[in-house]
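Commentary on secondary and tertiary structure
Here are the chains, one letter per residue:
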Amino acid sequence: MKCIVGLGNIGKKYDRTRHNIGFEVVDELVERHQLQIDKQKFKGAYTIGLINGEKVMLIEPMTFMNLSGEAVRPLMDYYNIDIEDLVVLYDDMDQSQGHLRLRQKGSAGGHNGMKSLIQHLGTDRFNRIRIGIDRPTNGMSVPSYVLQKFSDDEMITMEKVIDRAADACEALIKGETFQNVMNQYNGEIK
């Protein structure tokens, strides 16, 4: 079973914020495939369903961003999901807004949700889709920036990015190699 994890913070006040872009992609997959995130266990909200004939678990941790690993690791253990079947979606300030970067390993890069996942999974060797959100400007603090909602103009680009990231997840679920998906989907949305 494939496992797609979107990182974010729970609660309506965090909807459409930069830090919740991982949740947005999971929500897009849920909508596309008429699923519902209707289960809760081990601090995670999730669903298990079929996408393109393949069994998939979609997870949104309910721990808030900085403790994401507390939800993901127990669910993976409970359902016996291999680390190579995991894909994590999250925001990345080191990528320009509208840019996707797929990687198979790497450090947390200062992202607290990824730090938690790496700590709880005991490895940094897992698939991830980094979604560019740019860096704050005009002296805005990082926490204020990542918890800020996208403007209407920014959402035009981010809706395309959400669709593209969901397409990449579907390609991985179908069984395309990570390298092929990376070659196809890495880059900036125009």
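Everything here concerns the structure above.
These notes cover the structure that comes with them. (Residues numbered from 1 in each chain as written. Predicted model: local features only at pLDDT ≥ 70, side-chain atom pairs only at ≥ 80, totals over all residues. Heavy atoms only, no water.)

**What to know about unusual backbone geometry**
Within the chain, Phe42 stands out as a residue other than glycine whose phi angle is a positive 50°. Mapped onto the secondary structure, Phe42 falls in the loop between strand E2 (39-41) and strand E3 (44-51). Taking the relative accessible area as the measure of exposure, Phe42 reaches 35% and is therefore partly exposed. (Helix = DSSP H or I, 4+ residues; strand = E, 2+ residues; numbered from the N terminus. Buried < 20%, exposed > 50% of the residue type's maximum accessible area, 1.4 Å probe, protein only.)

**Regarding the sheet that holds strand E1 (residues 2-6)**
Paired through backbone hydrogen bonds, the strands of a sheet run either parallel or antiparallel to each other. With mixed pairing, the 8 strands of this open sheet are ordered in space as E2-E3-E4-E1-E5-E7-E6-E8. Here the strands that pair on one side only, and so sit at the sheet edges, are E2 and strand E8 (187-188). Bridge analysis of E3 against strand E4 (residues 54-61) gives 8 bridges, and the strand direction is antiparallel. Looking across to E4, one finds that Gly49 is bridged to Val56. Lying over the sheet, helix H5 (residues 152-174) contacts E1, E3, E4, strand E5 (86-92), strand E6 (99-103) and strand E7 (127-132), oriented at roughly 170° with respect to E7. (Pairing = 2+ DSSP bridges. Contact = heavy atoms within 4.5 Å. Axes fitted to C-alpha atoms, helices over the stretch in contact; angles between N-to-C directions.)

**Notes on the pattern of salt bridges**
Side chains carrying opposite charge are able to pair once their charged atoms draw close together. In this structure the tally under the stated criterion is 14 salt bridges. The residue Glu70 makes a salt bridge to Lys43 at a minimum N-O spacing of 2.8 Å. Placement of the pair is Glu70 in helix H2 (residues 69-78) and Lys43 in the loop between E2 and E3, with a sequence separation of 27 residues. Because the salt bridges share partners, they merge into one network encompassing Glu28, Arg32, Asp163, Asp167 and Glu170. (Salt bridge = Lys/Arg side-chain N within 4 Å of Asp/Glu carboxyl O.)

**Let's talk about helix H3 (residues 112-121)**
When H3 is considered as a whole, its buried residues turn out to be Gly113, Met114, Ser116, Leu117, Ile118 and Leu121. Along its buried surface, H3 packs onto H2, E5 and E7. Looking one or two residues beyond H3, the residue adopting positive phi is Gly122, at roughly 75°.

**Brief notes about the packing of helix H1 (residues 21-32) against H5**
As a packed pair, H1 and H5 sit with axes 9 Å apart at the nearest point and diverge in direction by 65°. Considering only the axes of H1 and H5, their crossing is right-handed. Where H1 approaches H5, its residues Ile21, Glu24, Val25, Glu28, Leu29 and Arg32 are matched on the opposing element by Met158, Ile162, Asp163, Ala165, Ala166, Asp167, Cys169 and Glu170. Of the residues contributing to the contact of H1 with H5, the split by class is 8 nonpolar, no polar and 6 charged. (Left-handed = near helix turned anticlockwise from the far one by under 90°. Nonpolar A, V, L, I, M, F, W, Y, C, P; charged D, E, K, R; others polar.)

**So, the side chain of Thr47**
With respect to the element layout, Thr47 can be found in strand E3. We classify Thr47 as buried; its relative accessible area is 3%. In terms of polar contacts, Thr47 uses its side chain to reach the backbone carbonyl oxygen of Gln36, at 2.8 Å. Residues in contact with Thr47, not counting those within four places in the same chain, are Leu35, Gln36, Ile37, Asp38, Val56, Met57 and Leu58. (Polar contact = N/O pair within 3.5 Å; in protein donor to acceptor, adjacent residues only side chain to side chain.)

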